[in-house]
Amino acid sequence: MKLRKVTEEMKEGMNDFHDYINISIHTPLETIKKLSENCKKCGHCCSYGSGLMLKDDIKKLASFLKISEDKLKKKYLEPVTRFGVSLFRPKLIKTKDKEHLPYGRCIFLTENKECKIQKAKPLQCKLTTCNKHGTDIGVWFNLNYLIDPKNPETIRQWDLYLKSGGRNIPGGKLNELIPDEKRLEKILNYNIIR
Ligand code: SF4
Ligand code: SF4
């Protein structure tokens, strides 16, 4: 009885936390991770995609699998481009039964829908999109790990994304990312290429 009460109180506390939080570009990673604690590890999202891998993710996974980073990339990863940034993600496998179409399932997803690399999975895979903050968590990841004010192409791509109606969070407006108006104009007009 006592344990049930504590669990219910914890749940309520978590709900309060979810209600109270308003994600911005400056929200700390630890808070985003806390908001991601409700992932049920059901494997659904891994059945139709895989998480982007940052440099540290690649290093960590190569060491976990005890193979070189080159071998990891060749055997398990595939290149992707997001907002003009070249990255890798776990390969997507298309099976004959068409279950995982159109994208394919992550190469690290087992038949039982478990992640084979749970202990070394990429940061993006740890950040759930399965709660009311899911979309903002995705935007937060893009702004913190892909969009780089020092990389003009990412700013131009972000501009296109916003113009096409893409969701944003506080701190992610162009003039917040590049407060220098003249520099921003030059970037958007391709007067600054790199
Ligand atoms: S993020 Fe959502 S869909 Fe993906 S494993 Fe977690 S609960 Fe399942
Ligand atoms: S690495 Fe693991 S958590 Fe990430 S998409 Fe693949 S199976 Fe899912």
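This one's a predicted model, so the numbers in the text were calculated from it and none came from an experiment.

Draft legend 1. View of unusual backbone geometry. Despite not being glycine, F83 has its phi angle at roughly 50 degrees, a positive value. Turning to its location among the elements, F83 is positioned in the loop between strand 1 (77-82) and strand 2 (85-90). Positive phi outside glycine occurs at K113, with the angle close to 60 degrees. Residue placement: K113 occurs in the loop between strand 4 (105-106) and helix 5 (123-126). Look at K113 and you get partly exposed, because 13 C-beta atoms sit within 10 Å.

Draft legend 2. Structural view of the site of ligand 1. Taken together, C39, K40, K41, C42, G43, H44, C45, T128, T129 and C130 are the residues near ligand 1. In terms of residue class, the shell around ligand 1 is built from four nonpolar, four polar and two charged.

Draft legend 3. A look at the environment of L177. Mapped onto the secondary structure, L177 falls in helix 8 (residues 174-177). Since 19 C-beta atoms lie within 10 Å of it, L177 is described here as partly exposed. In contact with L177, not counting residues within four places along its chain, are I147, P149, I155 and G172.

Draft legend 4. Looking closely at the pairing of strand 1. Within strand 1, only zero of the six residues are buried, leaving the element largely exposed. Note that strand 1 and strand 2 share six bridges and pair antiparallel. Along strand 2, the bridge assignment pairs T81 with S86. Where strand 1 folds back on strand 2, the antiparallel hairpin that results is connected by two residues, among which F83 adopts a positive phi of roughly 50 degrees.

Draft legend 5. Spatial organisation of the environment of N151. Take N151: it is sitting in the loop between helix 6 (134-145) and helix 7 (152-163). As for N151 and I187, which are separated by 36 residues in sequence, their C-alpha atoms are 9.5 Å apart.

Draft legend 6. Representation of the nonpolar core in the model. I32, I137, W140 and I147 are the most contacted members of the largest nonpolar core, which has 14 residues in total. Of all the secondary structure elements, the ones that give two or more residues to this core are helix 2 (29-35), helix 6 and helix 7. In terms of residue count, helix 6 provides more of this core than any other element does, five residues in total. I137 has contacts with I23, I32, L35, S36, L127 and T129, leaving out every residue within four places of it along the chain.

Draft legend 7. The arrangement of the environment of A62 in detail. As for its position among the elements, A62 is in helix 3 (residues 55-65). When the 18 C-beta atoms within 10 Å are taken as the criterion, A62 is described as partly exposed. C-alpha of A62 to C-alpha of L72: the two residues are 10 residues apart in sequence and 6.1 Å apart in space. Every residue in contact with A62, bar those within four places of it in the chain, is listed here: I67, S68, E69 and L72.

Cut-off values and rules
- Residues numbered from 1 in each chain as written.
- Chains lettered and ligands numbered in written order.
- Predicted model: local features only at pLDDT ≥ 70, side-chain atom pairs only at ≥ 80, totals over all residues.
- Helix = DSSP H or I, 4+ residues; strand = E, 2+ residues; numbered from the N terminus.
- Buried ≥ 20, exposed ≤ 12 C-beta atoms within 10 Å, placed from the backbone.
- Near = placed C-beta within 6 Å.
- Nonpolar A, V, L, I, M, F, W, Y, C, P; charged D, E, K, R; others polar.
- Contact = placed C-beta atoms within 7 Å.
- Pairing = 2+ DSSP bridges.
- Core = buried A, V, L, I, M, F, W, Y, C linked by C-beta atoms within 7 Å.

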